[in-house]
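Given next are the chains, with one letter for each unit.
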Amino acid sequence: MSDTPATAVLRPHAEDEYAHELTALAATDDRPRPPGWKLSPRAVVTYLMGGQLADGTVIVPKYVGARRLIEIATATLATDRAVLLLGVPGTAKTWVGEHLAAAISGDSTLLIQGTAGTTEETLRYGWNYARLLAEGPSPAALVPSPIHRGMSRGAIVRVEELTRMPPEVQDALVTVLSEKVLPIPELDTELSAVQGFNVIATANDRDRGVNDMSSALRRRFNTVVLPLPATVEEEIAIVSQRVAELGRALALPEVPAAADEIRRVVTIFRELRSGVTADERTTLKVPSGTLSTAEAISVITNGTALAAHFGDGTLGPTDIAAGIVGAVVSDPIHDAVAWREYLEGVVRDRADWGAFYEACRDLDV
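Residues numbered from 1 in each chain as written. Predicted model: local features only at pLDDT ≥ 70, side-chain atom pairs only at ≥ 80, totals over all residues. Heavy atoms only, no water.

## Things to note about helix H5 (residues 93-105)
Okay, step 1: Relative to the 18 Å expected for 13 residues at 1.5 Å per residue, H5 spans 18 Å between its end C-alpha atoms, a close match to the ideal helical length.
Okay, step 2: Most of H5 is tucked away, with 12 of its 13 residues classed as buried.
Okay, step 3: Within H5 the residues assigned to the buried category are Lys93, Trp95, Val96, Gly97, Glu98, His99, Leu100, Ala101, Ala102, Ala103, Ile104 and Ser105.
Okay, step 4: Just downstream of H5 lies Gly106, where phi reads positive at about 70 degrees. (Helix = DSSP H or I, 4+ residues; strand = E, 2+ residues; numbered from the N terminus. Expected span 1.5 Å × (residues − 1). Buried < 20%, exposed > 50% of the residue type's maximum accessible area, 1.4 Å probe, protein only.)

Rendered as structure tokens:
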């Protein structure tokens with residue numbers, strides 16, 4: 001955990017930002033806790049899904065969606081099997097993984113970010129080469145990875161974007177997940193995991209640069225697919241909650257909630273990513289971008305900043321127009337055509353969307 005005061009941090013870790021909720025849950029949690037866990041599985045699910053405790057403490061929902069998915073992920077982590085959170089970008093995989101780690105271990109900072117440049121040493125351990133050259137291999141020269149530290153402490157380790165790593169690097173996890181040991185041949189020893197250790201990985205199969213997982217590694221995970229929000233109302237609730245939280249975290253000047261603009265953004269994103277209007281009467285070209293819930297949150301947050309600093313303090317169509325166009329038009333050729341057709345064929349004819357239509361036309365994409 002960071003020593004920097006939470007109030008000075010742009011984005012506090014989950015265990016810091018929601019410390020009062022975790023403390024209240026621990027105080028009232030009378031159910032059995034798996035070895036090494038800070039809370040019982042039921043309390044972990046309450047922390048993510050929200051509720052009110054017997055002492056009156058309100059637990060805000062961290063995930064809006066099917067409770068059963070969170071129960072499955074939590075129950076899996078109470079066994080010896082790791083969890084793979086799978087879904088298209090913007091389905092809260094990272095968010096859920098962070099909060100699961102915070103609730104179970106009280107520490108969400110044991111994190112490996114997967115990229116094409118991630119090496120096997122990043123997953124296993126590295127060396128302080130100055131000491132290695134001076135002293136040879138020794139415990140003091142070893143630099144532990146998050147996996148190494150999680151095994152030593154009995155804590156949850158997060159592996160983000162697992163499938164962005166090369167397959168041979170991914171497979172460095174096989175022994176760790178199956179045998180719960182980390183061989184250290186340079187020291188002629190191995191590290192055995194302490195109870196409480198497990199892994200939460202995230203992956204998607206839509207972005208460029210994704211590598212297939214080997215069947216051996218995939219068998220070590222229980223895959224939980226996090227879907228896009230099922231209904232427009234559910235997605236609006238997610239966007240509204242996160243925009244409010246981000247506004248507070250970024251200390252944005254207060255802008256009155258604009259339910260109409262949030263609904264407009266969510267409606268546009270859902271229609272374009274599904275390729276059909278809400279009334280199912282018009283088929284649409286689907287842009288190349290994901291148009292995820294996370295991007296909708298970003299569009300509204302950016303619009304709020306525009307309204308607060310350069311507008312009249314009220315979120316309106318002109319404040320969100322640029323953000324929407326920027327999110328939709330990733331490919332200047334294909335996406336621009338799809339957007340123009342949507343703008344002229346759908347937006348122009350909708351009642352009360354005239355100001356938004358004109359604002360988008362003024363951008364001249």
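Resuming the write-up.
## Observations regarding the packing of helix H15 (residues 317-328) against helix H17 (residues 354-363)
Okay, step 1: Orientation of H15 relative to H17, taken along the N-to-C sense of each, is 50 degrees, at an axis distance of 9 Å. In terms of their interaxial angle, H15 and H17 are classed as oblique. The hand of the H15/H17 crossing is right-handed. Contact residues: Pro317, Thr318, Ile320, Ala321, Ala322, Ile324 and Val325 in H15; Ala355, Phe356, Ala359, Cys360 and Leu363 in H17.
Okay, step 2: Of the residues belonging to the contact of H15 with H17, the class tally is 11 nonpolar, 1 polar and no charged. (Axes fitted to C-alpha atoms, helices over the stretch in contact; angles between N-to-C directions. Parallel < 35°, antiparallel > 145°, perpendicular 65-115°, else oblique. Left-handed = near helix turned anticlockwise from the far one by under 90°. Contact = heavy atoms within 4.5 Å. Nonpolar A, V, L, I, M, F, W, Y, C, P; charged D, E, K, R; others polar.)

## Brief notes about the packing of helix H16 (residues 334-345) against H17
Okay, step 1: Contact geometry of H16 with H17 gives a least axis separation of 11 Å together with a crossing angle of 145 degrees. Of the two elements, H16 crosses H17, and the hand of that crossing is left-handed. For the pair H16 and H17, contact is made by Trp339, Leu343 and Glu344 and by Phe356, Tyr357, Cys360 and Arg361, respectively.

## A closer look at the pattern of salt bridges
Okay, step 1: This structure, assessed with the given rule, holds 20 salt bridges.
Okay, step 2: Between Glu261 and Arg264 there is a salt bridge, with the nearest N and O atoms lying 2.9 Å from each other. Here Glu261 and its partner Arg264 are both found in helix H13 (residues 259-274), 3 residues apart, which amounts to about one turn of the helix.
Okay, step 3: Close ionic contact of Glu344 with Arg361 constitutes a salt bridge, the shortest N to O distance being 2.9 Å. Note that Glu344 is positioned in helix H16 and Arg361 in helix H17, a separation of 17 residues in sequence.
Okay, step 4: With relative accessibility at 44%, the residue Arg361 sits in the partly exposed group. (Salt bridge = Lys/Arg side-chain N within 4 Å of Asp/Glu carboxyl O.)

## Points about the sheet that holds strand E10 (residues 198-203)
Okay, step 1: If you walk across this open sheet you meet the 5 strands as E4-E7-E10-E3-E11, and the pairing is parallel. Edge strands, defined here as strands with exactly one partner in the open sheet, are strand E4 (111-113) and strand E11 (221-225). Adjacent strand axes in the sheet meet at a mean angle of 20 degrees, parallel and antiparallel pairs treated alike.
Okay, step 2: Of the pairings in the sheet, the one linking E4 to strand E7 (residues 156-160) comprises 3 bridges and is parallel in character. Pairing of Gln113 across the sheet is with Glu160, part of E7.
Okay, step 3: Strands strand E3 (82-86), E7, E10 and E11 of the sheet are contacted by helix H4 (residues 67-77), whose axis makes an angle of about 165 degrees with E11.
Okay, step 4: Where H5 meets the sheet, its contacts fall on E3, E7 and E10, and the angle it forms with E7 comes to roughly 170 degrees. (Pairing = 2+ DSSP bridges.)

That's the geometry; what it means functionally is another story.
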